[in-house]
Amino acid sequence: MGASVPHSRRILTYAIAAAAAATAGFLPSGAAAAPPRPATSDFNGDGYADLAVGVPDGTVDGQAKAGYVNIVWGGPMGVGAHGSIRVTQATPEVPGAPEAGDRFGASTALTDLNGDGIAELLVGVPGEDVTDRGADAGMVIAVGGSKNGPGPGSTVLTGPSPSAAYGASVAAADLTGDGNKEIVVGGTDKVVAHVAQGEDSMVATVVAAPMGGRAPVLATGDFDSDGMADLAVAYWTAGTPNTQSHVRLWKWDADQSSMANFWNTDNAGVTALAAGDFDGDGHDDLALGECREIADENIDDPCGPEELAKGGGVHIHYGSPAGGWFGSRAQTLNQDTAGVPGVAEDGDRFGAALAVADVDRDGRDDLIAGAPGEAIGSEAGAGAAWLLHGGAQGLLDAGGAARSVTWNQDTAGVPGVAEAGDTFGAAVAAGDYDADGVPDVTVGSPGENASLGAAWLLPKGSADGSAAFSPRTLGLPYLSPAQKYGKPLNSR
């Protein structure tokens, strides 16, 4: 709710920051182990991936839900053991001022916009009041990374009207193929792309449609195998003004200077999206998390067999060579799938959070899936997370079975105790936090400790050596306990 910086300075600052940006696409993968991806989430330039934890419910300078982002440093012992910094609108380099209800950190992305090897932090502030735009117009802020702490910050985009809530979701990728990363912003019933064009920029509307009061879900990947990043958008609403649900893919149309829709699956309502090459064929696939058929029209079974939606299902559309039909092959799994530990039960929310990394280094991406509603014993909503390994056929083998492991706070080696309402698995992320060439997994539990919240590090995707960290262990201020630390998480 702090004032925004002038439009001209905002655009100029961002254009300079993005002028030399490079594409961060997926590396080709095959049967042999692929080289580790370079960290794009290194905010302080020390060679270790860092983790951004959004805390939009955090109190800052006495302002409830002003929000902050906690950058947790990677290092030889991973995240949580090397300290952190708190970035807020009270940070000198950051535009605006912390005010109640801003929800700074409702969405985050750590990404190297300018190709210098140091990540920038993108922060969504959907509750921001903007002069001449109205209450809750929202904004997205870019904060530069630096070896000495946060660098200069600038406003990327502000919402055009009251309740536009720009910054409810955010993503970044080189969609136009010009070497600059576009910043995609989700708000109320709208998704737009901020397109950098040298020292100028434009805002292209991707989709404007009723979204049921939910933040649109965003992911990026090369889904048509043309060597350029595409955008996946998911949204749904029920009954206002009508029931609809969509997962749509968009690509840049240079002739029209706009985003063009090239693939849809309708009636599918999802909570999360993730792109990765799960079968190692060199073509990006798209995972739909907590997929359910909203319209119940039984037209195309958009989430696979109906019984696999129980408790939340993960539905995967597989990529194909350039010119082929994306999604012509699909797989679906839930906790009743062979090789997936657990039992599918209503309310588990399996797949409500997704992340991708090649944890076992076999050249095929693996999928990390959270189920924050999972009951552990008699503890309802204690939550759990799974590591689902990719293979030659994808996440399922030729016999329809998965290869996976699961973790919760009662798993041997995982600190803590599973308790009702912990919501372990509400957010998941992956990054090579100790720079050993093997991705590590982090899992958020915003309901932990009466909703103070916490996050867990699972080194190399294993409970062995796992550790928890929270506002208490990191020395962060928490005047009220309900910080809900651990959602969202972002790193790469």
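Rules behind the numbers
Residues numbered from 1 in each chain as written. Predicted model: local features only at pLDDT ≥ 70, side-chain atom pairs only at ≥ 80, totals over all residues. Heavy atoms only, no water. Helix = DSSP H or I, 4+ residues; strand = E, 2+ residues; numbered from the N terminus. Rg over C-alpha atoms; globule rule 2.2 N^0.38 Å. Contact = heavy atoms within 4.5 Å. Areas by Shrake-Rupley, 256 points an atom, 1.4 Å probe, with all protein chains shown as cover. Lys, Arg positive; Asp, Glu negative; His and termini not counted. Charge placed at Lys NZ, Arg CZ, Asp CG, Glu CD. Salt bridge = Lys/Arg side-chain N within 4 Å of Asp/Glu carboxyl O. Buried < 20%, exposed > 50% of the residue type's maximum accessible area, 1.4 Å probe, protein only. Disulfide = S-S within 2.5 Å. Polar contact = N/O pair within 3.5 Å; in protein donor to acceptor, adjacent residues only side chain to side chain. Pairing = 2+ DSSP bridges. Axes fitted to C-alpha atoms, helices over the stretch in contact; angles between N-to-C directions. Core = buried A, V, L, I, M, F, W, Y, C linked by side-chain atoms within 4.5 Å. Phe/Tyr/Trp six-rings, centres within 6.5 Å; stacked < 30°, edge-to-face > 60°.

1. Considerations on the overall build of the protein chain
Across its full length, the protein chain holds two helices and 29 strands. For the protein chain, the C-alpha radius of gyration of 21 Å lies close to 23 Å, the compact-globule estimate for 492 residues. A principal-axis box enclosing the C-alpha atoms of the protein chain has dimensions of 60 × 50 × 45 Å. Within the protein chain, residue pairs in contact and separated by at least 24 positions form 56% of the contacts whose partners lie at least 6 positions apart. Roughly 17,200 Å² of accessible area belongs to the protein chain as shown, and the carbon and sulfur atoms make up 51% of that amount. If you average the places of the 25 positive and of the 62 negative side-chain charges in the protein chain, the two averages end up 4 Å apart.

2. So, the pattern of salt bridges
In the structure shown here, the tally under the stated rule is ten salt bridges. Its salt-bridge partner being K460, residue D434 comes within 3.9 Å of it at the nearest N-O pair. One end of the pair, D434, is in the loop between β25 (427–431) and β26 (440–445); the other, K460, is in the loop between β27 (454–458) and β28 (467–469), and 26 residues separate them in sequence. Exposure remark for D434: the relative accessible area of 16% places this residue in the buried category. Here K460 falls in the partly exposed class, since its relative accessible area comes to 41%. Salt bridges sharing common partners tie together D57, R103 and K484.

3. What about the state of the cysteines?
The tally for this structure, following the rule as stated, stands at one disulfide. Here C291 is linked by a disulfide to C303, with a sulfur-sulfur distance of 1.9 Å. In this structure, the disulfide formed by C291 and C303 twists by about -65° around the S-S bond and is classed as left-handed. Residue C291 is found in strand β18 (residues 285–293), and its partner C303 is found in the loop between β18 and β19 (313–318); the two are separated by twelve residues along the sequence. Since its relative accessible area comes to 4%, C303 is described here as buried.

4. Things to note about the environment of S146
By the element assignment, S146 lies in the loop between β6 (139–143) and β7 (153–158). Taking relative accessible area as the criterion, S146 reaches 19% and is therefore assigned buried. Counting along the chain gives 100 residues from S146 to D46, while the straight-line C-alpha distance between them is 9.6 Å. Apart from the residues lying within four places of it in its own chain, the contact partners of S146 are F43, N44, I118 and G151. One polar contact links the side chain of S146 to the main-chain amide nitrogen of N148, over a distance of 3.1 Å.

5. Remarks on the sheet that holds strand β24 (residues 404–407)
Read across the sheet, four strands follow the order β21-β22-β23-β24 without closing on themselves; strand pairing throughout is antiparallel. Both edges of this open sheet fall to β21 (353–357) and β24, since each of them pairs with a single strand only. Taken pair by pair, the neighbouring strands of this sheet meet at an average axis angle of 20°, ignoring direction. Bridge count between β21 and strand β22 (residues 366–371): five bridges; the pairing is antiparallel. Bridging from a neighbouring strand, A357 pairs with D366 of β22.

6. Re the environment of D366
Its location among the elements puts D366 in strand β22. For D366, a relative accessible area of 0% gives the class buried. Between the C-alpha atoms of D366 and A450, which are 84 residues apart in sequence, the distance is 32 Å. Excluding residues within four positions of it along the chain, D366 makes contact with F278, A355, V356, A357, D358, V359, D360, L387, L388, H389 and G390. There is a polar contact of 2.9 Å between the side chain of D366 and the backbone nitrogen of G390.

7. So, the nonpolar core
F278, I316, L333, F350, L367, L388 and L395 are the most contacted members of the largest nonpolar core, which totals 24 residues. Looking at this core, the elements that each hand over two or more residues are β17 (272–276), β19, β21, β22 and β23 (384–388). Beyond its immediate sequence surroundings of up to four residues, L395 is in contact with F278, I316, Y318, Q331, L333, L367, L388, H389, G390, A401, A402 and R403. The next biggest cluster of nonpolar side chains, apart from the first, holds 20 residues, and it includes A193, V207, M211 and W252.

8. Notes on the side chain of D279
Along the chain, D279 turns up in the loop between β17 and β18. On the accessibility criterion, D279 (9% relative accessible area) is buried. Discounting chain neighbours no more than four positions away, the residues touching D279 are D285, Y318, R329, R364, G391, A392, Q393 and G394.

9. Description of the packing of aromatic side chains
Scanning the entire structure with this criterion turns up five aromatic pairs. Seen from their ring centres, F350 and W386 are 5.0 Å apart, and the 80° between their planes marks the pair as edge-to-face. Here the residue F350 occupies a position in the loop between β20 (329–333) and β21, and W386 occupies one in strand β23, the gap between them amounting to 36 residues. Both residues of the pair, F350 and W386, belong to the buried class. Taken together, a centroid distance of 5.4 Å and an interplanar angle of 75° make the contact between F424 and W456 edge-to-face. Within this pair, whereas F424 is found in the loop between β24 and β25, its partner W456 is found in strand β27, the two being separated by 32 residues in sequence. Exposure remark for F424: the relative accessible area of 0% places this residue in the buried category.

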